[in-house]
Amino acid sequence: MTVIIAFLTVLGAVAVWWLSRQRLAAKPWLEASPAGSFPDREAVAWPAAKLGLCMFLAVAGSLFAVLISAYSLRMRAADWSSLPGTGLLWINTWLLVLSSLALQWAVVAVQRRDTTRAAAGLGVGGVSALLFLGGQLLVWRQLNAGGFYAESHPASAFFYLITAIHGLHLAGGMLALGRVGARVSMADGDAENVRLSVELCALYWHFLLVVWLLVCGILVLGPWAEWLYAICFGT
Amino acid sequence: MVDVTREFQDIERAEPEDVELYHPHSWITKYVFSQDAKVIAIQYSVTAMAIGMVALVLSWLMRLQLGFPGYFTFIDPATYYQFITMHGMIMVIYLLTALFLGGFGNYLIPLMLGARDMVFPYLNMLSYWIYLLAVLVLVASFFTPGGPTGAGWTLYPPQVILSGTPGQESGVFLMLVSLVLFIVGFTMGGLNYVVTVLQARTRGMTLMRMPLTIWGIFTATVLALLAFPALFVACIMLLLDRALGTSFFMPTLVEMGQTLSYGGGSPILFQHLFWFFGHPEVYIVALPAFGIVSDLISTHARKNIFGYRMMVWAIVAIGGLSFIVWAHHMYVSGMHPMFGFFFATTTLIIAVPTAIKVYNWVLTLWRGDIHLTVPMLFAIGFIITFLNGGLTGLFLGNVVVDVPLSDTMFVVAHFHMVMGVAPILAIFGAIYHWYPKITGRMLDEAMGQIHFWVTFLGAYAIFFPMHYLGLMGVPRRYHELGEMAFVPPSAEELNAFITVVALIVGFAQLVFLFNLVWSLFRGREAGGNPWRATTLEWQTPTTPPPHGNWGKELPVVYRWAYDYSVPGAAEDFVPQNQPAPAGAAE
Amino acid sequence: MSQDRRWLLGGLAVVFGFVGLFLASRAGHGIFYWIGLIVFLAAVGTIFGFVRAAFDEAEGKAQTPQHLVPLTMLAVAVGSVVFHFLSPWWWSPIASNWGYIDQTIIITFWITGVAFTAIVVFLAYCLYRFGHQAGRRAAYEPESRRLEFWLTMGTAAGVVAMLAPGLIVWSQFVTVPEEAAEIEIVGQQWQWSFRYPGEDGRLGRSDTRLVSNDNPLGLDPNDPNGADDVVVQNVDLRLPVDRPLKVLLRSLDVLHDFYVPEFRAKMDMIPGTVTYFWVEPTRTGTFDILCAELCGVGHAYMRGRVEVMEESQYQAWLQQQPTFAALANGYARVTSRSPDGGEASARSSVR
Ligand code: HEM
Ligand SMILES: [Cu+2]
Ligand SMILES: [Cu+2]
């Protein structure tokens, strides 16, 4: 469970940092203020949607951290054998990187109030994400053909499970991306309205990319991960 | 004032504009598919209490079986196990979690913080409907062939999906699906509560001016958001093991002489995942109760909560620590013995901030002006039962003491005291306290008194002696003692006694339900602020508050939530939205 | 209190009184007798209280403040302590070396008991002393750093006083003595089986995949260590007294938990792994074995017995049991009787 604990520690550090700026050591009973006088606003000033998405990413992050924890807990058992990596996974990874880059490009465009380019960026991002999902299905087919069924060994079961959950997150993101894409292409140069949505899509995509890199690293480089683990934790 | 957020100065207040508020157009969108947090809160609460009644009735049946084994022939071991499973799961998840966060969270967060509504009302509505669906799926498992699962609320594999366990045919599917739905629905609601607290506070409502109720609910929601994913993963993996024959949790095993096709999985992995969620879950129901009780005590003792800052820090500290104690549920699970040292230490460390909270509640009463209203009584009942249950927790947390006591009735008595009775008493207190705001009428006092005394003394009489059965060695999850040489016959009598009291306590809840309905029509008119409380929800222009809560203008906050009996003030309470006299500040 | 309400509550008290009386008379003795009596007396007291209050009111005497609530809370504290000392329900006499665990429990009882009583008594006192009176105002007292500091320190000291002995005993619990003899207990739905190492004192390898009708515990026939192992099913577990034992635990199907209340120790059995604990029986006699981990519908019926006997007796019994190798070679398909007339065959087929 080291991974999830580490993840939560990071979140906890952020929370402590934030709380430390909230004057938690103040004595509120001494601080009644006269009419019309307010302490400076202390609410988080991000747009609600952005804050909401960040919170969701924390939740999704802990979901993946738990999955990875479970995987590595199991991996340390004596009878473990990891799956063989397939070349296709590399292609998929590059597709996802491309997708993320395209969305980042869209963000830059929309910040420059260029909705046409933004729409193009979203389009490229969407298509490459779709290709990624298709590629993942192909990987599944390959594994199946190679005799790695979900039932045959926990290693393959974990592989299917983790990739499926990651894929579902991406598919869910596609829905949002589709909506945002439609709005951007109809925005007609009015970038302010769609700017936040594009940024949030990109944020989500980057998150899923990072998750994928970690997950893929651990699933495919299983032995390596174990080696790393040994170095870090001495067991 | 220290300036902490200068860089955000240019950004306007984050309160929702009036135009943004969703306006219902028909009866259906107003009361059924409503996006008003208060209506959603009531929907959550009513659903939770309805399913809670099912769990209560199940507890009667279990108690009848335990108290008078052999008399009730329709309760065989299989049904008994189905009852404990459904009872435990419903009570913990579908009643307490839903009621504290979905119910009180929805009702109180916007009102106490001076917001008009939750930040994402649509998501909020969806959250309730998914919760309802989860409840319905759960209830459906009573009617499927084979009945609900009987694996215990911990759902430990391998037995949960093997044929030696009742409900293995379909009950276990429905249970897991229902949990998954619950988690999805809860996450939608939870994101709302967190973002609302972070963002939609009205002007002047700094974190340190928030009532402890909000602190409790907020922290509990954060815990739930981060802990539920572990249960989610565990449920999905278990579903796959059952449905597709994967072996996440299933080692090679021989069931009834047949070697099954599973192999290579780890049952302990499930326990880690389950308790990684399961322990924070205890605090998910305890922290809101802490907050609520703090506010009840302060209001009804007319005195500020003692050591407010310490209370806040303790809530946050407990929340953080609750993630690193989970394996105290696994001391005898055969995990590596070295873990015992670590987890016993962390577990006992949590006792310190928790104890401080108890001291501060009692110290709030010291030199107070205590009104023994029904909410106050329930708050006192909470302190005593929580204290009792917390102290027995020190037995179970101290690894070697847990060895003889784990999986005995001692554990059952402990967790009922600390996360069954105590939070339920807090909930009752909260309902008596806030009912006037919700409906505009007071709950009947006499019925409330009867309800309190029977429930509190009864519950104590049920669960206090039960510890001693466990100490003697009576295991939990036994539908009858059968012949055990070390159990004297008087233990059977004790069991019968507990059953009788449990039935009495159960029926006292009917008084409460009757009171809820009766007072709705016949209760005394409450007025806007019957308890003369300081917090914002009591300062709404109309009671019950309408959609949008505050009429034309949002309230603004000038002081903390506990200005009771301030020396020199005219009244013994100063509402949060009342400014300090000009010139007098700092 | 209004007249109506007094009548209502008085009437209720009468009903309760009768119920109590009825209960006491039916039970005749034991717990229900006492309960009934207490309920009856409480009801009588309540009714007297009402009558007195009604007279006081009629005479225009000042109403005394209500003391019922603090008194009840006090009664809860005192009652819990009294119950603790007087109740007949306590742990069974210990039969192993884990008296340390009992001592740790006693320490914990003292510390928590004192804390509980002190806090509840203080609470009751506050309720008594600071009950609402017209015209009084609560003190204004946001916090007291000093008081909170000392309370924190006191609590920490209490926690350390419980944790330190706990951890010391735990380290004993997890440190198996070198000379401990091994013995294996295997759980399956819903029965116990036992395996003793033979002459060589070592248990052979085992694997769930090898389980079959002729090899109910899945011993590895190729492991020479296992050849002289003795497997018994459907009989009592026999253990020598005063010898430390490392109890290895295995399960063939689901989780079980080997639990003998008199030994105090217990541990889950997990399919796929071998768990263990160690214990030294210190008293001869026969004790119940229970399963303490839910394992399906038969969980409560998964019983067994352990017979702790003198070393010589134990050895004599063990000598008589056929070894695994002998059984595997098809000898001794006869049932072998145990010395005391024997209750079952040492080798019985699984189901
Ligand atoms: C007066 C009310 C209640 C009574 C009489 C009662 C009774 C029982 C009984 C008899 C059992 C089974 C014990 C066993 O054989 O192992 C049980 C289990 C349980 N109860 Fe309650 N209960 C009550 C309220 C609650 C509440 C409010 C909660 C909320 C936390 C709760 C949570 C549980 C849990 C989690 C279990 C364990 C189920 C399992 O072993 O899988 N109960 N209860
Ligand atoms: Cu816990
Ligand atoms: Cu069992």
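Refer to the preceding data block for the structure.
How each quantity is defined
Residues numbered from 1 in each chain as written. Chains lettered and ligands numbered in written order. Predicted model: local features only at pLDDT ≥ 70, side-chain atom pairs only at ≥ 80, totals over all residues. Heavy atoms only, no water. Helix = DSSP H or I, 4+ residues; strand = E, 2+ residues; numbered from the N terminus. Rg over C-alpha atoms; globule rule 2.2 N^0.38 Å. Buried < 20%, exposed > 50% of the residue type's maximum accessible area, 1.4 Å probe, protein only. Areas by Shrake-Rupley, 256 points an atom, 1.4 Å probe, with all protein chains shown as cover. Lys, Arg positive; Asp, Glu negative; His and termini not counted. Charge placed at Lys NZ, Arg CZ, Asp CG, Glu CD. Salt bridge = Lys/Arg side-chain N within 4 Å of Asp/Glu carboxyl O. Donors = N, O, S within 2.8 Å, 3.2 Å for Na, K, Ca; no water. Pairing = 2+ DSSP bridges. Axes fitted to C-alpha atoms, helices over the stretch in contact; angles between N-to-C directions. Contact = heavy atoms within 4.5 Å.

Novice: Quick question: what am I supposed to make of the overall build of chain B here?
Specialist: Helix and strand counts for chain B come out as 14 helices and two strands. Its C-alpha radius of gyration of 24 Å places chain B within 12% of the 25 Å reference for a compact globule of 586 residues. With the C-alpha coordinates aligned to their principal axes, the bounding extent of chain B is approximately 85 × 50 × 50 Å. Buried positions account for 72% of the 586 residues belonging to chain B. Counting every atom, chain B has about 16600 Å² of accessible surface; 67% of that belongs to carbon and sulfur. Averaged over its 24 positive side-chain charges, chain B has a centre that lies 9 Å from the centre of its 32 negative ones.

Novice: Explanation requested: the pattern of salt bridges in the structure shown.
Specialist: Two side chains bearing opposite charge may form a pair once their charged atoms approach each other closely. For the structure shown, the criterion picks out 18 salt bridges over all chains. Between arginine 250 of chain C and glutamate 184 of chain C there is a salt bridge, and its shortest N-O distance comes to 2.8 Å. Of the two residues, arginine 250 of chain C is situated in strand E5 (residues 245-251) and glutamate 184 of chain C in strand E1 (residues 181-188); the sequence distance between them amounts to 66 residues. Note on accessibility: arginine 250 of chain C and glutamate 184 of chain C belong to one class, buried. Aspartate 207 of chain C is the partner of arginine 209 of chain C in a salt bridge, and the nearest nitrogen-oxygen pair spans 3.5 Å. Taking relative accessible area as the criterion, arginine 209 of chain C reaches 58% and is therefore assigned exposed. By relative accessible area, which is 27% here, aspartate 207 of chain C ends up partly exposed. Residues joined in a network through salt bridges with shared partners are Arg302, Arg532, Glu571 and Asp572 of chain B.

Novice: For this particular structure, what's the right way to read the coordination of the copper ion (ligand 2)?
Specialist: Any two of four tetrahedral donors ideally make an angle of 109.5 degrees at the metal, while pairs among six octahedral donors ideally make 90 or 180 degrees. The protein atoms that coordinate the copper ion (ligand 2) are His279 of chain B (ND1), His328 of chain B (NE2) and His329 of chain B (NE2), at distances of 1.6 to 2.0 Å. Residue classification places histidine 279 of chain B among the buried residues on the basis of a relative accessible area of 6%.

Novice: Got a minute to help me understand the pairing of strand E7 (residues 266-269) of chain C in this structure?
Specialist: On a regular strand, each side chain points to the face opposite its neighbour's, so the side chains alternate between the two faces of the sheet. All names here are of chain C. Strand direction decides the pairing type here: strand E6 (residues 256-259) and E7, joined by four bridges, are antiparallel. Bridge pairing in E7 places aspartate 257 opposite aspartate 268. Between the end of E6 and the start of E7, which pair antiparallel, lie six residues, with arginine 264 showing a positive phi angle near 70°.

Novice: Which parts of the structure should I look at to understand the sheet that holds strand E9 (residues 285-291) of chain C?
Specialist: Strands in a sheet are paired, the pairing made by backbone hydrogen bonds, and the direction either parallel or antiparallel. Residues and elements named next belong to chain C. The strand order E4-E10-E9-E6-E7 describes an open sheet built from five strands, whose pairing is mixed. The open sheet terminates on both sides in strands that have one partner only, identified here as strand E4 (237-240) and E7. When strand polarity is set aside, the average angle formed by the axes of neighbouring strands in this sheet is 25°. Pairing between E6 and E9: two bridges, direction antiparallel. Across the sheet, the residue bridging to tyrosine 259 is leucine 290, located in E9. Where helix H6 (residues 311-320) meets the sheet, it contacts E4 and strand E10 (304-309), and its direction lies at approximately 135° from that of E4.

Remember that the coordinates give geometry; whether it matters functionally is a separate question.
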